[in-house]
Structure formats: structure tokens, C-alpha cells
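Listed here are the chains, written in short residue letters.
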Amino acid sequence: MDTHQPAASLAHAERLDRLAALAVRVGLNLAPGQELVMTAPVEALPLARRITEQAYKAGASLVTCLLGDDQMALARYRHAPDEAFDTAPAWLFDGMAEAFRRGAARLAIVGDNPSLLAAEDPAKVARANRARSVAYRPALELITATAINWTLVASATPAWATTVFPDLPEEAALTRLWDAIFAASRADAPDPAAAWAAHNDRLMQKRRILNERRYAALRFRGPGTDLKVGLADGHAWMGGLSTAKNGITGNPNIPTEEVFTTPHRAVTEGVVAATKPLSYQGTLIQDIRVRFEAGRITEAHASTGQPVLERMIGTDEGARMLGEVALVPNSNPISQSGLLFYNTLFDENAASHIALGQAYSKCFLDQNLDKAALDAAGANTSLIHVDWMIGSAETDVDGIDAAGNAEPLMRAGEWVR
């Protein structure tokens, strides 16, 4: 380390080291001899390098990092022939899936420009996303089934930072976003690992209560929202620590504030209004309002990004149905920061939320159900899994038992049980 660096730079470097250590030791709990497959934007190289160092210190046999670049992504939309948008690198995703089958862990560093594709042709964006989703399916199924240990962690990037802090110069915006990331990820705690242990204990307590109650449904009420979400047969609540089928226990998201489970794909009714914008594949979708009937979206509206929203829910039949429902108290640190991150990893952890598309097969009491059994229990199947936020300080949530009796779970966005 250069001892002539200014104190602020040293402090930032130390915080990056802490975040990298959390990603490897708490997020992945990487095992000695395990391979790691990592993806990252090119701007996240300083964090990716530190994660690589921490992974080898933990005993990794090999770290492979795949980098993405916004300018290269835009070049495709501006110069590629029309037929290119139905193409995806299946060979790459097949290789990732094979690495996972052989025991590799998965880590993604997120930091995308929320509005990267906002000015591009929505039809091309939808086609490219669908082609990628189809090609990525073999790898995604291993992740959603928790066959492997995996985690997400964030890196501040210039485009993301200036979206979150549009009134600040780029460098000041980057500093503010890094501060927010470190705080939300508990990298700023005196003992980050101990802070995560205590936080996981709190999440596990909520999981135990919800799993003991065995609710048949949840009801959400708030401005523009009166939604009843039926829960899958034999569902289990998860959140915080998760044990993969390879026996490794870690935290799939750094940060995380949620407890979540699998809805029944055919038993959601009512209307719901998003409480935060959704950043989806480079397009910002604002003021989402949808109606569910017999589990399916029958009406969908947004003040911006309507074409992208329509194409997203038209990806396949399962894209109109729910694959996840999550409860998050409004008093959590991400929400209390007052920031809109324009990034699902953070914004979903600021508020209770639902996800359209693929269900997590781990969210069942029996985690060895085959596809036919998952279908029978009500689990949804789709090429997508898209979280969007429906909770706020004005949201009430009731648990509804099998007899139809309701009891309060949350009032004004806070736990009452």
C-alpha cells in the first residue's frame, strides 16, 4: 500500500477491503478449494480485485471474473443489425451452469447505470432481455434452487452515483453513494462480521414466527393498494442466512433486510401500487399500478416505462404471476437513509415487495420437491424474476389463516408481531 496516499483514500481503501471480506466470508462463506465465478462492471474493478484477493485468502482454487461495459452495451443498440437482438451467448451461460454443477460459487457486483437503455428501442430491449433470459435459464435454475452458495454486492459507479445524487458533481456523488453502500452493508460497523451475526439473528426470529403461524395468505393495504397474496402450499419463510444444497451457509444478498416466501401463483387478487420506481434492464419504470385476478396481472400501468413494463410481463405466461413476496420494516437502515437507489438490491430492501416471475424452490418446508411437486404446490415458473416495492410507512399487512381470520403483522410499515 502506498503510504503517501491521503487519509481519506486510505479510509476508502480500508472500507473496500471490509466490504470485500464481507462478500467472501459472510455473503458466500466461500469454502477452501471452491471456485468462484464473478461478474462486474468495469468501473467496479477496485472492489473486484479485493474480492479476488479475499477469495484466494479463503482458499479459492480459481476466481474467474467476467466484466461488462456500458459503452459496449450501447454500441449494440446503436449499430447492430436487427437480428442481433434475438441472440445471447448461450455458450457462456452454459459454461457458467457447468461451473455451478461442478461446485463453483457465484458472486455478482452490481452498479449498473439505471437509465442506460432508457432512450433505446423498447422492442429491441425486450427481445434482447428475452434472448438472454432463455440462454441464462440453466444457470438461473441452479441459483433459484440454491444449489450453490451465491451473493450480490454493490460497487458505486459514476453513472449510478449521479442518478442517485443528480445535484452533486460526479466525485461528490460517488463519495456519497459509497458512504451509503458501506453503511447499508454494515461495512462501517466496528466489527462487521459481528454486526451481521446480530442482524441475521433478528431475521431468523421473524422467520420462526412466520413459519409457526402458517398463514394461508397476506393482505397488503395502503394508498392505491388492497392486495391479497395467497401463499403456496407447504411454503417456508426465508431471509438472512441461507444454507445451499452444497451445505454452505451464507447471505445471498449484501445488504439484506427482508424475510420472504413463495406465493401461490393462482391465488393473488386485488390492486397494488408501487411505492418506488423500478429500474429494469436499464429503463426506469415509475408509478407502477397493476390489478391481479386469479393470480395473473390483468391490468398494468406506469407513468414512465409503460412499453417496457408491458413487454416485461409479456415475456412468458409466468411473468404475469408472482414468484416471491417479502416483508421489510420501514425503519430499516436503507429506508431511513431517505435515498432512492434506483437499484433493486437496495430498493427492495427498503420496503416490503413482490416479485413477478420465477419462484424460489428453496422457500418450501420440503426443499427437495421436483418440478411437478412445485407446480402442484403453486410455485410459479418464468424466465424472469423482477422485484418491485409495495411497502411504505403507510402500508398495513395482515396475516390470514386457513379459516380466513386476519391478524396484524405490520402497521404503518412496522412489525407488530
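Scroll up for the structure.
Since the structure is predicted, the reported quantities are computational estimates derived from the model, not experimental observations. (Residues numbered from 1 in each chain as written. Predicted model: local features only at pLDDT ≥ 70, side-chain atom pairs only at ≥ 80, totals over all residues. Heavy atoms only, no water.)

Novice: Now, about the packing of aromatic side chains: what can you tell me, with residues and values included?
Specialist: A full pass over the atoms with the stated rule returns six aromatic pairs. Between the aromatic rings of Phe93 and Tyr136, the centroid separation amounts to 5.1 Å while the plane-to-plane angle is 70 degrees, which identifies the pairing as edge-to-face. Pair noted here: Phe93 is in helix α4 (residues 90-101) and Tyr136 is in helix α5 (residues 122-144), with a separation of 43 residues, a long-range link. We classify Tyr136 as buried; its relative accessible area is 11%. The rings of Trp160, Phe341 and Phe346 are connected pair by pair, giving a single aromatic cluster. Sitting over the ring of Tyr136, Arg132 keeps its end group 5.0 Å from the ring centre. A cation over an aromatic ring shows up here: Arg186 above the ring of Trp196, its NZ or CZ 5.6 Å from the ring centre. (Phe/Tyr/Trp six-rings, centres within 6.5 Å; stacked < 30°, edge-to-face > 60°. Helix = DSSP H or I, 4+ residues; strand = E, 2+ residues; numbered from the N terminus. Buried < 20%, exposed > 50% of the residue type's maximum accessible area, 1.4 Å probe, protein only. Lys NZ or Arg CZ within 6 Å of the ring centre and 35° of its normal.)

Novice: Could you give me a rundown of the sheet that holds strand β9 (residues 259-261), with the residues and numbers involved?
Specialist: On the basis of which strands lie adjacent, the open sheet formed by four strands has the order β9-β15-β16-β17 and antiparallel pairing. The sheet is open, and its two edges are formed by β9 and β17 (385-389), each paired on a single side. Shown here is a sheet whose adjacent strand axes are inclined to one another by a mean of 20 degrees, direction ignored. Here strand β15 (residues 322-327) pairs with strand β16 (residues 353-357) via four bridges, running antiparallel. If you follow Glu324 over to β16, its bridge partner there is Ala355. (Pairing = 2+ DSSP bridges. Axes fitted to C-alpha atoms, helices over the stretch in contact; angles between N-to-C directions.)

Novice: So, the packing of α4 against α5: which residues are in play, and what are the values?
Specialist: Relative to each other, α4 and α5 sit at 5 degrees, their axes nearing to 8 Å. Viewed along their axes, α4 and α5 adopt a mutual orientation that is roughly parallel. Counting all contacts with α4, which are made through Ala90, Phe93, Asp94, Met96, Ala97, Phe100 and Arg101, the residues of α5 involved are Arg132, Ala135, Tyr136, Pro138, Ala139, Leu142 and Ile143. (Parallel < 35°, antiparallel > 145°, perpendicular 65-115°, else oblique. Contact = heavy atoms within 4.5 Å.)

Novice: With reference to specific residues and values, describe the sheet that holds strand β3 (residues 105-110).
Specialist: Pairing within the open sheet is parallel, and its four strands lie in the order β2-β1-β3-β4. Across the chains shown, the open sheet's two edge strands, defined by having one partner strand only, are β2 (62-68) and β4 (150-154). Strand-to-strand twist in this sheet, taken as the mean axis angle between neighbours without regard to direction, amounts to 15 degrees. Relative to β4, β3 runs parallel, the two being bridged by five bridges. Bridge pairing in β4 places Val110 opposite Ala154. With respect to the sheet, helix α2 (residues 45-57) is in contact with β1 (35-41), β2, β3 and β4, its orientation differing from that of β1 by roughly 170 degrees.

Just distances and angles here, no functional claims.
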